[in-house]
Amino acid sequence: MSSPSYSSALFRRTAQFTRTKKFEEHVIAEAVARGAADSGAEVVSISVDTITDEQWAQLDAADAIIFVSATYMGTASAAFHAFAQASSKRWFPHAWVDKLAAGFTNSGAKSGHKFSTVGYFATLAAQHGMHWISLGLLPGWDSTRGSEDDITPLGFFLSPGAQSPTDAGPDAVHRSDIATAEHLGARVASRAAIFRAARATLAA
């Protein structure tokens, strides 16, 4: 069963999401949103395969946008690619320049070429002139003292990469991946608050 890709936009200390895949991505997107909201952000979750004009306007007004998609065949989902191409209407007028950006992906395999999807997210953000927010964590599960219960167990730096079995449902998303997603949401929200306060100070 296919499922939406998400994009998330942050207003004030806020984040917004764009997302795709099956229901595992819903769990991850919800965790990112929860982390951002718990840090004081106003969060709007947007399914990119059904995005409306009003939701495009919400992304335009956001302080930050977080991209969430499953990794399919070595890249983001078709729905997310369609969203990215449609965002070219924002590229021409530099509508998203200097917004914050981050991302999260999931695949059935431990590797699954998730880095290709993360790199695609970062490239899309760079083309829009956005500031990429990395995970900001040391890798987990990188020693004999570690375990799959560590936060960021697969050791991604640019963006979190999760893994969930292809023959299981959303309950199979590991708690360490959920914790990593919550951390990303909180980190983006806190950076958005700093950027917003700095702009207000400079404008005063």
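Computed from a predicted model, the values in this text were never measured in an experiment.

### Considering unusual backbone geometry
Positive phi values are uncommon outside glycine, yet methionine 73 reaches one of about 50 degrees. Following the sequence through the fold, methionine 73 ends up in the loop between strand 4 (64-72) and strand 5 (75-76). Classification of methionine 73 by relative accessible area gives exposed; the value is 86%. At histidine 94, a position not held by glycine, the phi torsion is positive, near 60 degrees. Residue position: histidine 94 is located in the loop between helix 4 (88-91) and strand 6 (100-107). Accessibility expressed as a relative area gives 53% for histidine 94, which makes it exposed.

### Topic: helix 3 (residues 78-86)
Along helix 3, the residues classified as buried are Phe80, Phe83 and Ala84. Along the axis of helix 3, the buried residues cluster in a sector spanning 100 degrees; they form a single face. Across from the buried face of helix 3, at angles greater than 90 degrees, the exposed residues are Ala78 and Gln85.

### What to know about the environment of threonine 75
Tracing the sequence through the fold places threonine 75 in strand 5. A relative accessible area of 24% means that threonine 75 is categorised as partly exposed. Each C-alpha atom of the pair threonine 75 and lysine 114 lies 7.2 Å from the other, and the pair is 39 residues apart in sequence. Aside from chain neighbours lying at most four places away, what touches threonine 75 is Ala70, His81 and Thr117.

### Description of the pairing of strand 6
Of all the eight residues making up strand 6, eight are buried; the element is thus mostly covered by neighbouring parts of the structure. Going residue by residue along strand 6, you find Leu100, Ala102, Phe104 and Asn106 tucked away on one face and Ala101, Gly103, Thr105 and Ser107 tucked away on the opposite face as well. Bridging between strand 4 and strand 6 involves seven bridges; their strand directions are parallel. When the bridges of strand 6 are listed, phenylalanine 67 appears paired with glycine 103.

### Re the confidence of the model for the chain
The share of residues in the chain with pLDDT of 70 or more is 80%, and the mean pLDDT across the chain is 81. In this model, residues 8-16 is a region of pLDDT below 50 whose contacts with residues beyond four sequence positions or in other chains number 74 contacts.

### Comments concerning the packing of aromatic side chains
In the structure shown here, the tally under the stated rule is ten aromatic pairs. Relative to phenylalanine 83, the ring of tryptophan 56 has its centre 5.2 Å away and its plane inclined at 15 degrees; by these criteria the two rings are stacked. Taken together, the positions of tryptophan 56 in helix 2 (residues 53-61) and phenylalanine 83 in helix 3 put the pair 27 residues apart, joining distant regions of the chain. An angle of 25 degrees between the planes, with centres 6.3 Å apart, marks the rings of tryptophan 56 and tryptophan 96 as stacked. Taken together, the positions of tryptophan 56 in helix 2 and tryptophan 96 in the loop between helix 4 and strand 6 put the pair 40 residues apart, joining distant regions of the chain. We note that tryptophan 56, like tryptophan 96, is buried. An aromatic cluster is defined as three or more aromatic residues linked by ring pairs; in this entry it consists of Trp56, Phe67, Phe80, Phe83, Trp96, Tyr120 and Phe121.

### Topic: the pairing of strand 4
Among the nine residues in strand 4, eight count as buried, and that is most of the element. What sits between strand 4 and strand 5 in their antiparallel hairpin is a turn of two residues, with methionine 73 showing a positive phi close to 50 degrees.

Cut-offs applied
Residues numbered from 1 in each chain as written. Predicted model: local features only at pLDDT ≥ 70, side-chain atom pairs only at ≥ 80, totals over all residues. Heavy atoms only, no water. Helix = DSSP H or I, 4+ residues; strand = E, 2+ residues; numbered from the N terminus. Buried < 20%, exposed > 50% of the residue type's maximum accessible area, 1.4 Å probe, protein only. Arc of directions from axis to C-beta. Contact = heavy atoms within 4.5 Å. Pairing = 2+ DSSP bridges. pLDDT = per-residue confidence, 0-100. Phe/Tyr/Trp six-rings, centres within 6.5 Å; stacked < 30°, edge-to-face > 60°.

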